[in-house]
Amino acid sequence: MTALTPDSAKKFILDNTALMAPPHVPEIRLQLADEAHELWQRTEDELTEIGLPPPFWAFAWAGGQGLARYILDNPAAVRGRRVLDFASGSGLVAIAAVKAGSAEVIAADIDPFCATAVRLNAEANGVEIEFLAGDCIGTDAGWDLVLAGDVFYDKAFADRLMPWFAALKARGADILVGDPGRSYLPKTGLEPLAVYEVAVTRALEDAEVKRTTVWCLA
């Protein structure tokens, strides 16, 4: 099998996903894996062969759905602001931010395949989103608001995130987090803004509905 590159990712994405609306954000359409377990399992099996990282971009994770719902229902949170959608994946939260009236939205992710996924999904929703490739933890480009959906699934990652979030908050940025009860969500320093019951795929989660909270860094 020929190894995939980011440049050839478009065909892979279109061949392995379908354009559909996440259940909690029906206003937005994304290229999502309709056979979630099959794509995930095949990716795991063929990882070294085709060079594809786990396809987080192919699923509408609960934290992202909750955060996107909050933004669409509360557009004043993003209107006119420069927004970073951190660990963007499919671009769901970034698309919601554009639709809600953000002045500028940047989708950031370390997976280069997300660049193609975000571009395809932005086009499907008639919006424009800038993509920032690579690890932006510790950087500061003057964003007014940082959005982070489903980022507290790994302890080492969470331990890197919180000092960065705190530094951004200290200089005046707002930080909103969407989280469905992941293991490493901080127990302090967050204030709840909204709670949603989000339908998810049981192939990747431990339930069919995840209680998802949108938090603001205090």
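Let us look at the structure shown here. (Residues numbered from 1 in each chain as written. Predicted model: local features only at pLDDT ≥ 70, side-chain atom pairs only at ≥ 80, totals over all residues. Heavy atoms only, no water.)

### Quick word on the nonpolar core
The condition is simple: Throughout, nonpolar core names a set of buried Ala, Val, Leu, Ile, Met, Phe, Trp, Tyr and Cys residues whose side chains join them through atoms within 4.5 Å. Burial classes follow relative accessibility: with a 1.4 Å probe on protein chains only, a residue under 20% of its type's maximum area counts as buried, one over 50% as exposed, and anything between as partly exposed. In this description a helix means any DSSP run of H or I spanning at least four residues, a strand means any run of E spanning at least two, and both kinds are numbered starting from the N terminus. Residue contacts follow a heavy-atom distance rule, with two residues in contact if any of their heavy atoms lie within 4.5 Å.
Within the largest apolar cluster, 34 residues are counted, with the highest numbers of intra-cluster contacts made by Ile71, Ile129 and Leu147. Counting only elements with at least two residues in this core, the list comes to strand E2 (30-32), helix H3 (62-73), helix H4 (92-99), strand E4 (104-109), helix H5 (113-124), strand E6 (145-149), strand E8 (190-199) and strand E9 (209-217). Those residues in contact with Leu147, other than ones at most four positions away along the chain, are Leu67, Ile71, Val83, Leu84, Asp85, Phe86, Val93, Ala97 and Leu176. Ranked by size, the runner-up nonpolar core spans 24 residues in total, among them Ala148, Phe165, Leu185 and Trp215.

### A closer look at the side chain of Arg69
With respect to the element layout, Arg69 can be found in helix H3. Sequence-distant contacts of Arg69, that is, excluding residues within four places in its chain, are made with His24, Val25, Pro26, Glu27 and Tyr196.

### Things to note about the pattern of salt bridges
Rules: By definition, a salt bridge exists where a carboxyl oxygen of Asp or Glu is found within 4 Å of a side-chain nitrogen of Lys or Arg.
Per the stated rule, a full pass over the model turns up 12 salt bridges. Put simply, Arg81 and Asp174 hold a salt bridge, and the shortest N to O gap is 2.9 Å. Remark: Asp174 occurs in strand E7 (residues 174-179) and Arg81 occurs in the loop between H3 and strand E3 (82-86); sequence separation between them is 93 residues. Classification of Asp174 by relative accessible area gives partly exposed; the value is 24%. Through salt bridges with shared partners, a single network forms among Glu27, Arg69 and Asp73.

### Digging into the pairing of E4
Which entries qualify depends on this criterion: In this analysis, strands are considered paired if DSSP registers two or more bridges between them. Crossover handedness is defined here as right-handed if the route from the first strand over the helix to the second strand goes clockwise, with the strands pointing away from the viewer.
Of all 6 residues that make up E4, 5 are buried, and the element is covered over most of its length. The pairing of E3 with E4 spans 5 bridges and is parallel. Residue Asp85 lies in a different strand from E4, and its bridge partner there is Ala107. With H4 bridging E3 and the parallel E4, this β-α-β connection has right-handed handedness. Judged from the 4 bridges that link them, E4 and strand E5 (residues 130-133) form a sheet pairing that is parallel. Counted as the bridge partner of Ala107 is Phe131 from E5. Considered for its hand, the β-α-β crossover made up of E4, H5 and E5 is right-handed.

### Overview of the packing of helix H1 (residues 9-16) against H5
The relative placement of two packed helices comes down to the angle between their axes together with the axis-to-axis distance. The criterion, for reference: Helix axes use the C-alpha atoms of the stretch in contact, all axes being lines fitted to C-alpha atoms, and the angles between their N-to-C directions lie in the range 0 to 180 degrees. An angle counts as roughly parallel when it lies under 35 degrees, as roughly antiparallel when it exceeds 145, as roughly perpendicular when it falls between 65 and 115, and as oblique in every other case. Whether a crossing is left-handed or right-handed is set by the direction in which the near helix is turned from the far one by less than a right angle, anticlockwise for left-handed and clockwise for right-handed. Note that Gly is not counted as nonpolar here; it falls among the polar residues with everything else outside the nonpolar set of Ala, Val, Leu, Ile, Met, Phe, Trp, Tyr, Cys and Pro and the charged set of Asp, Glu, Lys and Arg.
For the pair H1 and H5, interaxial distance at closest approach is 9 Å and the crossing angle is 60°. With respect to their mutual orientation, H1 and H5 come out oblique. The crossing of H1 and H5 is right-handed. From H1, Ala9, Lys10, Ile13 and Leu14 reach across to H5, where they touch Phe113, Thr116, Ala117, Arg119 and Leu120. A class-by-class count of the residues in the contact of H1 with H5 yields 6 nonpolar, 1 polar and 2 charged.

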